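# Chain and residue survey
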Amino acid sequence: MMRVKFLLSVSILFALSTDIYAQRRAKAEDSEESYKSFTSFGVTTNTNSGILGGAVFRQSSALGSKLFGKNQYRYLAVELVNVKHPKELSQQDFVTGARLVYGKQNYLFVLRPEYGRELTLFSRQDDEGISISGIVAAGPSLGLEKPYMVQFQSSDGRVVTEPFDPVKHAGSTQTTGIVGAGSFFQGFGQTKIVPGLHVKTAMSFELSAFRENVTGVEIGFIAEAFTRKVQIMAFAENRSFFTSGYLTLYFGSKKR
């Protein structure tokens, strides 16, 4: 009799635990699927830039179908980043205190519209833990080749601001030469456009602790090709194909 009661009790507990597990799983799935869009802004750094590489706007919208049983999203993003040459070295004049990247001909800013897919690999439950997604995206690259302006002192003592010219400015002497860098905001009217394409793969880690907010990190790899070599440095090998690893810290919100 005791054995029958014991088995009956175990059966009831098993049924209750199964029901509770099913309810929690259904609740987690409902919570996961209730968010239809994620919108965020971020700052990014990459191996071809300084500490602050650029800015990013990104949006993910839920799709009706699943891939490999996982939720998938339409991934849209726009990035504006600064790409530097590995040979860039900022120098400071000990007399004037002015800083200069000698030999730099152009800045390279790249505008990257992106379209792709984001696949949820691990979901958060009840706003706890970390949500991990995989991202694949591609799109055009709009390279903006802006002249690097320098302040040049001519033989008559006048100081003029002009784009760096490797022929004219390389033969500087004590009476004529570069005395510093020009303003960053000068030279935009002489910017040249260099079209290209890029593709990226990434992992996104959502760390937010609040239900309607998004805070996360995107870590990935980008390969990018332009239609011609971009003239960043005058006395170094320039390229038309770039690769870089990047990290983006983003903040935003999500909607049901």
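To start, this report covers the structure provided alongside it. (Residues numbered from 1 in each chain as written. Predicted model: local features only at pLDDT ≥ 70, side-chain atom pairs only at ≥ 80, totals over all residues. Heavy atoms only, no water.)

## Quick look at the pattern of salt bridges
If you walk through the whole model with that rule in mind, you get ten salt bridges. The closest approach of N and O atoms between lysine 104 and glutamate 88, which form a salt bridge, is 2.7 Å. You can see lysine 104 sitting in the loop between strand E5 (99-101) and strand E6 (106-122) and its partner glutamate 88 sitting in the loop between strand E3 (70-83) and strand E4 (90-92), a full 16 residues away along the chain. Under the relative-accessibility criterion, glutamate 88 is labelled buried at 19%. Between glutamate 114 and lysine 200 there is a salt bridge, and its shortest N-O distance comes to 2.9 Å. Within this pair, whereas glutamate 114 is found in strand E6, its partner lysine 200 is found in strand E11 (residues 192-206), the two being separated by 86 residues in sequence. Residue classification places glutamate 114 among the buried residues on the basis of a relative accessible area of 5%. Owing to a relative accessible area of 1%, lysine 200 belongs among the buried residues under this scheme. Connected through salt bridges with shared partners, the residues Arg58, Glu79, Arg112, Glu114, Lys200, Glu218 and Glu224 form a single ionic network. (Salt bridge = Lys/Arg side-chain N within 4 Å of Asp/Glu carboxyl O. Helix = DSSP H or I, 4+ residues; strand = E, 2+ residues; numbered from the N terminus. Buried < 20%, exposed > 50% of the residue type's maximum accessible area, 1.4 Å probe, protein only.)

## Focus: the sheet that holds strand E8 (residues 149-153)
Reading across from one edge, E9-E8-E10 is the order of the three strands in this open sheet, with antiparallel pairing throughout. Two strands in the sheet have a free side with no partner beyond their single neighbour: strand E9 (159-163) and strand E10 (177-181). When the angles between neighbouring strand axes are averaged without regard to direction, this sheet yields 35°. Sheet analysis places E8 next to E9, joined by five bridges and oriented antiparallel. In the sheet register, glutamine 153 faces E9, and the bridge partner there is valine 159. (Pairing = 2+ DSSP bridges. Axes fitted to C-alpha atoms, helices over the stretch in contact; angles between N-to-C directions.)

## Comments concerning the sheet that holds E3
Spatial ordering of the closed barrel is given by E1-E2-E3-E6-E7-E11-E12-E13, a layout of eight strands whose pairing is antiparallel. For this sheet, the mean inter-axis angle between neighbouring strands, taken without regard to orientation, is 25°.

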